[in-house]
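Residue-level listing of the chains:
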Amino acid sequence: MMKKNVSLAIILIIFFSIAGCISSGPETPHPAQSTPIQTHIIGQTVSDGNSRMTLNNVRYTRLIDEKKNESHVVRSESDKQFLIVNITIENISPNINMSYNGYQFLMLDSKGIIYEEDSSASKQLEKQFNGNDMVPGDKREGELSFQIPVEAKGLRLRFEYSQESSRVLRLEIFQLDR
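Since we're looking at a predicted model, the values are computed, not measured.

Engineer: Tell me about the nonpolar core, and please be specific about residues and values.
Structural biologist: Where a protein is soluble and globular, its nonpolar side chains tend to be buried together. Ranked by size, the top nonpolar core spans 25 residues in total, and within it Met53, Ile87, Ile89, Phe105 and Met107 carry the most contacts. Counting residues per element, the ones that place at least two in this core are strand S3 (51-61), strand S6 (80-91), strand S7 (98-100), strand S8 (105-108), strand S11 (139-149) and strand S12 (156-160). Examining the composition of this core, we find that four residues originate from one element, S6, more than from any other. Beyond its immediate stretch of four places on either side in the chain, Met53 contacts Gln44, Thr45, Val46, Ile87, Thr88, Ile89, Phe105, Leu157, Phe159 and Phe174.

Engineer: So, the pairing of strand S13 (residues 171-175): which residues are in play, and what are the values?
Structural biologist: Every other side chain in a regular strand lies on the same face of the sheet, so the side chains alternate between the two faces. Most of S13 sits out of view: four of its five residues are buried. Relative to S13, strand S1 (residues 39-41) runs parallel, the two being bridged by three bridges. By the bridge assignment, Ile41 is partnered in S13 with Gln175. One ladder, built from five bridges, connects S12 with S13; its direction is antiparallel. Across the sheet, residue Arg156 finds its bridge partner in S13, namely Gln175.

Engineer: If you had to explain the environment of Glu116 to someone new, which residues and values would you point to?
Structural biologist: For Glu116, the position within the fold is in strand S9 (residues 114-116). Its relative accessible area of 61% is what places Glu116 among the exposed residues. Once the C-alpha coordinates of Glu116 and Ile148 are considered, the two residues, 32 residues apart in sequence, prove to be 9.4 Å apart. In this structure, Glu116 is in contact with Leu106 and Phe146, ignoring residues within four places of it in sequence.

Engineer: Report on the sheet that holds S12, specifying residues and quantitative values.
Structural biologist: Here we have five strands laid out as an open sheet, ordered S1-S13-S12-S8-S9, and mixed in their pairing. Only two strands of the sheet have a single neighbouring strand rather than two, namely S1 and S9. Going across the sheet, the axis of each strand differs from the next one's by a mean of 30 degrees, ignoring polarity. Direction of pairing for S8 relative to S9: antiparallel, over a ladder of three bridges. Bridging from a neighbouring strand, Leu108 pairs with Ile114 of S9.

Rules used throughout
- Each chain carries its own residue numbering, running from 1 in the written order of its sequence.
- Local features in this predicted model are restricted to residues whose pLDDT is 70 or higher, and side-chain atom pairs enter the listing and the counts only when it is 80 or higher, whereas totals over whole chains, interfaces and linings include all residues.
- Excluding hydrogens and water, the side-chain values take into account all heavy atoms of the structure.
- Throughout, nonpolar core names a set of buried Ala, Val, Leu, Ile, Met, Phe, Trp, Tyr and Cys residues whose side chains join them through atoms within 4.5 Å.
- Buried, partly exposed and exposed residues are distinguished by accessible area as a fraction of the type maximum, computed with a 1.4 Å probe on protein chains only: under 20%, between the cut-offs, and over 50%, respectively.
- Put simply, DSSP marks the helices as runs of H or I at least four residues long and the strands as runs of E at least two long, and each gets a number from the N terminus on.
- By the convention used here, residues are in contact when the closest approach between their heavy atoms is within 4.5 Å.
- Two strands form a pair only when DSSP identifies at least two bridges running between them.
- Axis lines are fitted to C-alpha atoms, over the contacting stretch for helices. Their N-to-C directions set the angle, which ranges from 0 to 180 degrees.

Take a look at the structure:
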């Protein structure tokens, strides 16, 4: 009889331990995740406390020939153009190394279509952005290229802070006014 009571007690302890881990309601989100995403404008600087990012300007072109090498000329598709963004990122952390790559930037249009960086076109830019291995105090300026339809409207640049900088998914949106 004693073994049955001990077994029953162990089973009850396990049951209530598991039941206590199951939540019947939603979890409270982390404060950084519940922060609403704000929309910024060209020239505005944003920061998460460890990184500072500025969208300096944008330009449009159908041809990238900045390295003056005929074998490296990049032309947009017939109904598209390149949207080139010039950005500056600073590592303002006192002790964290971080990296920023093209995949952390996306272009969105008013229809909800997402455009990724066109890395082959970006490689032909004279001032291609390189955000790799940024030590505290580093400040980098450069350009990224996106191939978008000529008629695209309501363009917004989506920027995601590096994991090293924010530790959680943190985004910024810049309106490009077109």
